[in-house]
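Descriptive analysis of the structure
As a plain string of letters, each chain reads:
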Amino acid sequence: MRKYQLPGFLVGVVTQAKYDRWLQRKAVAHVRRDRQRGNRGAKIAGYKVAIHKAVTGSEGLDAYTKGKLHWNLLSKWSNEEAKNRGRLHKREFYLLPTVDHVGDGSGEPEFKICAMLTNDVKSDLSYEELLDFCEKLLRAADRWPDGSDVLK
């Protein structure tokens, strides 16, 4: 059995080869970023293990919204199209699975899988900071889901 076996929810959606390439690229990118931020212990092999664990644990869903991700979009992003079409191109990739750091990347690698849109909104916020922001947003829009005044 392969070390990074294609999770069952991806069978028929992407090939093992495409998943392997994506996993390698994501590990390399995150190691590069974390090393630039001072994590000298960041290693590609460890990051691949952590990212694969996050993927399998996700069961194909966004870790924050629990919405279904569009795994068929893996490796389809085009920088040229993004440059030419801007927001229109990005909008087509809102549900593209992305790798989100848990923490600041200075220690052992830990990740969650979420949609590109979720990752953009979350940015560098912690989970608690993200929840606080969302509560403020809902309060300002006067759209607290159950109609309660819990936040007021």
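Source: prediction; values computed, not measured.

This brings us to the layout of surface pockets. Of the volumes computed, that of the largest pocket is approximately 620 Å³. When contributions to the lining of the largest pocket are tallied by element, the ones reaching two or more residues are helix H1 (16-36), strand E1 (97-101) and helix H5 (116-122). Here the lining of the largest pocket takes 6 residues from H1, the largest share from any one element. Taken together, the residues of the lining of the largest pocket break down into 9 nonpolar, 7 polar and 10 charged. Computed from the structure, the second largest pocket encloses a volume of approximately 220 Å³. For the second largest pocket, the full set of lining residues is Tyr-64, Thr-65, Leu-95, Ala-115, Leu-117, Thr-118, Val-121, Tyr-127, Leu-130, Leu-131, Cys-134 and Glu-135. At the level of elements, H5 and helix H6 (127-140) are the ones that each hand at least two residues to the lining of the second largest pocket. A total of 5 residues in the lining of the second largest pocket trace back to one element, the largest contributor, which is H6. Its residues assigned to classes, the lining of the second largest pocket shows 9 nonpolar, 2 polar and 1 charged.

Positionally, Asp-62 belongs in the loop between helix H2 (44-58) and helix H3 (79-85). For the buried Asp-62, no salt bridge exists, and the shortest N-O distance to an oppositely charged side chain is 7.0 Å, to Lys-66. Excluding its chain neighbours within four sequence positions, the residues that come into contact with Asp-62 are Gly-67, Leu-69, Ile-113, Cys-114, Ala-115 and Thr-118.

The full count for this structure, using the stated rule, is 7 salt bridges. Arg-33 is paired through a salt bridge with Asp-34; the nearest N and O atoms lie 3.7 Å apart. Given a relative accessible area of 26%, Arg-33 falls into the partly exposed group. Asp-34 gets classed as buried once you look at its relative accessible area, which sits at 0%.

Here is what the cut-offs are and how they apply
Every chain begins its residue count from 1, and numbering advances along the sequence as written. Selection of residues for local features in this predicted model requires a pLDDT of at least 70, selection of side-chain atom pairs for listing and counting requires 80 or more, and totals for whole chains, interfaces and linings are taken over all residues. Values shown for side chains rest on all heavy atoms present in the structure; no hydrogens or waters enter the calculation. For each structure, a 1 Å grid was placed over the protein atoms alone; sets of points admitting a 1.4 Å probe that cannot get out are labelled cavities, open sets with protein on both sides within 12 Å along at least five of seven lines are labelled pockets, and lining residues have an atom within 4 Å of a point. Grid points are joined across faces, edges and corners, and a volume is the space filled by probe spheres set on the points. Each helix is a run of DSSP H or I of at least 4 residues and each strand a run of E of at least 2, with the numbering of both proceeding from the N terminus. Under the grouping applied here, Gly and all other residues not named as nonpolar or charged are polar, the nonpolar ones being Ala, Val, Leu, Ile, Met, Phe, Trp, Tyr, Cys and Pro and the charged ones Asp, Glu, Lys and Arg. Summary of the burial criterion: residues with accessible area below 20% of their type's maximum are buried, those above 50% are exposed, and those between are partly exposed, where the area comes from a 1.4 Å probe applied to protein chains only. Positive charges are assigned to Lys and Arg, negative charges to Asp and Glu, while His and the chain termini are left out of the count. A pairing counts as a salt bridge when a side-chain nitrogen of Lys or Arg comes within 4 Å of a carboxyl oxygen of Asp or Glu. Residues are treated as being in contact if the distance between any of their heavy atoms lies within 4.5 Å.

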